[in-house]
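Examining the three-dimensional arrangement
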Amino acid sequence: MDTIQDVVSLLEHTLPPPERFWDWWCDSTRSPFEAIKTVLFFYVLATQTLRAFRHLRARGLRRSVVDGYVWTSKKALLVAMKLPQAQKKLQEELGKVRADIEDKLVPKGGEITRHLALPAQGKSSEWILQEMARMDKELGTHTDWRQGKISGAVYHGGDDLSKVLVAAFERYAVSNPLHPDVFPSIRKMEAEIVAMCLRMYNNPDGAGTMTSGGTESIVMAIKTYRDWARDVKGITKPEMIIPVTAHAAFDKGAAYMGVKVHEVPVDPVTRHANLSRVRRAINGNTIMLVGSAVNFPDGNQDDIVALGALAARYNIGLHVDCCLGSFIVPFLEQAGLADGENGRYKLTPFDFRVRGVTSISCDTHKYGFAPKGSSVIMYRDAALRRYQYYVTPHWTGGVYGSPSLSGSRPGALIAGTWAAMQYMGSDGYLQSCRDIVTCARHIANTITASIPELYVLGSPPASVVAFGSQHKSVNVYEVGDRMSKRGWHLNALSGPAAVHIACTRLTLQVVETFISDLKACVAETKEAPEGKGTMVALYGLGSSSAVGPTIVEEVASIFLDTLYKA
């Protein structure tokens, strides 16, 4: 605060008081140009000082100093790495990484057929299906998701539901909600999907839209609050506050929408966002707060009630990310699981019943078992939803309006989502919630009681269990790599180092196998640590130096490049 007062004092001694401003401006010894320069200089000085103060207040002195040191070190190391010898070595190593990634993702060999141009003549449906079956076997080493040894990824509602989805796709394969007069049933189904989700989250009079997934739902929420704050509050340099455990889609959306992000730490024990840091980061440019129920990394929820109180107090938005909690957390209370067990796993209020909550995202394509590419973004009222829309009356092609990022959208996905929700019903989702959460808690309880080298992060109330190492001889990333050798596909985390499993209906059949494999991998790592593996190498590199994350970014970009290598 002293910094602001110093600037104010400097302005008071340099500029005249308001009642003498005109005389000062007309002073013959000062040209108008000089007067304008003086005013402009102090305006820029004051605004930049205010921005620096807000940044320092939000991040804290220690974090700001560390960030500055890391930034300086990174720049110095990047300059050093541009030296010919260092650059040559780096490119050699990245070349090995590229080759390794391509070996895992791109099938090779003379027997591989690559379809790089349109066929001269169209193919029969029989040929197409045969070629698809052959392509499924080309790589040979890919995971069979039906075995259940995967974390999340595939949210399978059963073979009978899959047949229903295929029938819905077939019926509405060419439909497009951009043309509601041509496809009225698709418009009706989308409206009903949103209405069902709003009731599930206790806001039947609210509003919402469908999107292509959780990321688009989050991006749309950021766009909505940015435009709302600009219209209602006149904010032109918007900022948002998120816990470090918030989904990366918030950073992505902020980058797209030009919103500054302040990350706040979470409590190392509860994994809840640090509320004092959230409060300290709020300023006149804050447009929204973010909380999760539950978050992706460790499956814990933030204190939504406390965040809602802050949002209401400062008249800013609060978005609750329930993309992962989706059709699990709304059913925990009815399933008798919301109160947890033995003081753990308790679910606290998170939906529109909480004062201050203004939007919620829910992925229908996760535990709703809808086709991939479907999510719902919900708002407390229709007035707020208006800021999500894009409308222009000036296009030569006519008046154009769309509710979300896409113009044309696949109506078949909407039909599939509607069909999945009708097929499952409340009773189906309730049983699914009970089975999956019981499975996750069995894993968490077993780790706590029977694997002393590991600990469970926080007190996860839903379907995700994250575990870290509390033994100096056990590298949890190596445990994850050893689990990979046994066919498991788990997620590695950082801050702290950990691994997680997101339980699904597929996990139910292999939960005891998971536990026995985990115990064995921990014992192997403890007895004969190797210090190598994909997780060990990648996440060790990311924390090895200031430039480590930059190299990891390059590795990730190589991975993305490889996805498009035919």
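Quick notes on the rules
Residues numbered from 1 in each chain as written. Predicted model: local features only at pLDDT ≥ 70, side-chain atom pairs only at ≥ 80, totals over all residues. Heavy atoms only, no water. Salt bridge = Lys/Arg side-chain N within 4 Å of Asp/Glu carboxyl O. Buried < 20%, exposed > 50% of the residue type's maximum accessible area, 1.4 Å probe, protein only. Helix = DSSP H or I, 4+ residues; strand = E, 2+ residues; numbered from the N terminus. Expected span 1.5 Å × (residues − 1). Arc of directions from axis to C-beta. Contact = heavy atoms within 4.5 Å. Pairing = 2+ DSSP bridges. Axes fitted to C-alpha atoms, helices over the stretch in contact; angles between N-to-C directions. Phe/Tyr/Trp six-rings, centres within 6.5 Å; stacked < 30°, edge-to-face > 60°. Lys NZ or Arg CZ within 6 Å of the ring centre and 35° of its normal.

Before going further, it helps to spend a moment on the pattern of salt bridges. For the coordinates displayed, the defined rule picks out 24 salt bridges. Linking Asp351 and Arg353 is a salt bridge whose minimum nitrogen-to-oxygen distance equals 3.0 Å. Owing to a relative accessible area of 53%, Arg353 belongs among the exposed residues under this scheme. Notably, a salt bridge pairs Glu478 with Arg482, separated by 3.1 Å at the nearest N-O pair. Residue Glu478 and its partner Arg482 are both found in helix α15 (residues 476-485); the two are separated by 4 residues, about one turn of the helix. Its relative accessible area of 11% is what places Arg482 among the buried residues. Residues joined in a network through salt bridges with shared partners are Glu478, Arg482, Lys485, Arg486, Asp517, Glu524 and Glu530.

Before going further, it helps to examine helix α5 (residues 84-105). Because each turn of an α-helix spans 3.6 residues, side chains separated by three or four positions end up pointing in the same direction. For α5, which comprises 22 residues, the first-to-last C-alpha distance of 31 Å matches the rise-based estimate of 32 Å (1.5 Å per residue) to within 8%. Of the residues making up α5, those classed as buried are Leu90, Leu94, Ile101 and Glu102. For α5, the arc enclosing every buried residue in end-on projection is 110 degrees, short of the 170-degree limit, so these residues lie on one face. In α5, those exposed residues whose orientation departs by more than 90 degrees from the buried face are Gln85, Lys88, Lys96 and Asp103. Against α4 (61-81) and α18 (548-563) lie the buried residues of α5.

Let us look at the sheet that holds strand β10 (residues 454-456). Pairing is antiparallel in the open sheet, where 4 strands are placed in the order β10-β11-β13-β12. Edge positions in the open sheet fall to β10 and β12 (491-493), since each of these has one partner strand only. Across the sheet, the mean angle from the axis of one strand to that of its neighbour is 30 degrees, orientation sign disregarded. Relative to strand β13 (residues 498-502), β12 is paired through 3 bridges, and the arrangement is antiparallel.

What follows is about the sheet that holds strand β5 (residues 317-321). The strand order across the open sheet formed by 7 strands is β1-β7-β6-β5-β4-β2-β3, and the pairing between neighbours is mixed. The open sheet has two edge strands with one neighbour each: β1 (207-211) and β3 (260-264). Pairwise comparison of adjacent strand axes, ignoring direction, gives a mean angle of 20 degrees for this sheet. Bridge analysis of strand β2 (residues 239-243) against β3 gives 5 bridges, and the strand direction is parallel. Bridged to Ile241 within β3 is His262.

This model, assessed by the stated rule, comprises 8 aromatic pairs. Their ring planes at 80 degrees and their centres at 4.9 Å tell us that Tyr155 and Tyr367 sit as a pair that is edge-to-face. Of the two residues, Tyr155 is situated in the loop between α6 (125-138) and α7 (159-171) and Tyr367 in the loop between β6 (359-362) and β7 (375-379); the sequence distance between them amounts to 212 residues. Tyr367 shares its class with Tyr155; the two are buried. Pairing Phe369 with Tyr429 gives two aromatic rings, centres 6.3 Å apart and planes at 15 degrees, and the pair type is stacked. Remark: Tyr429 occurs in helix α14 (residues 411-450) and Phe369 occurs in the loop between β6 and β7; sequence separation between them is 60 residues. Across the pair, Tyr429 and Phe369 agree in class, each one buried. An aromatic cluster is defined as three or more aromatic residues linked by ring pairs; in this entry it consists of Phe327, Phe331, Phe369 and Tyr429. The ring centre of Trp127 lies 4.9 Å from the NZ or CZ of Lys123, which sits over that ring. Between Arg505 and the ring centre of Phe369, over which it is positioned, the NZ or CZ distance is 5.3 Å.

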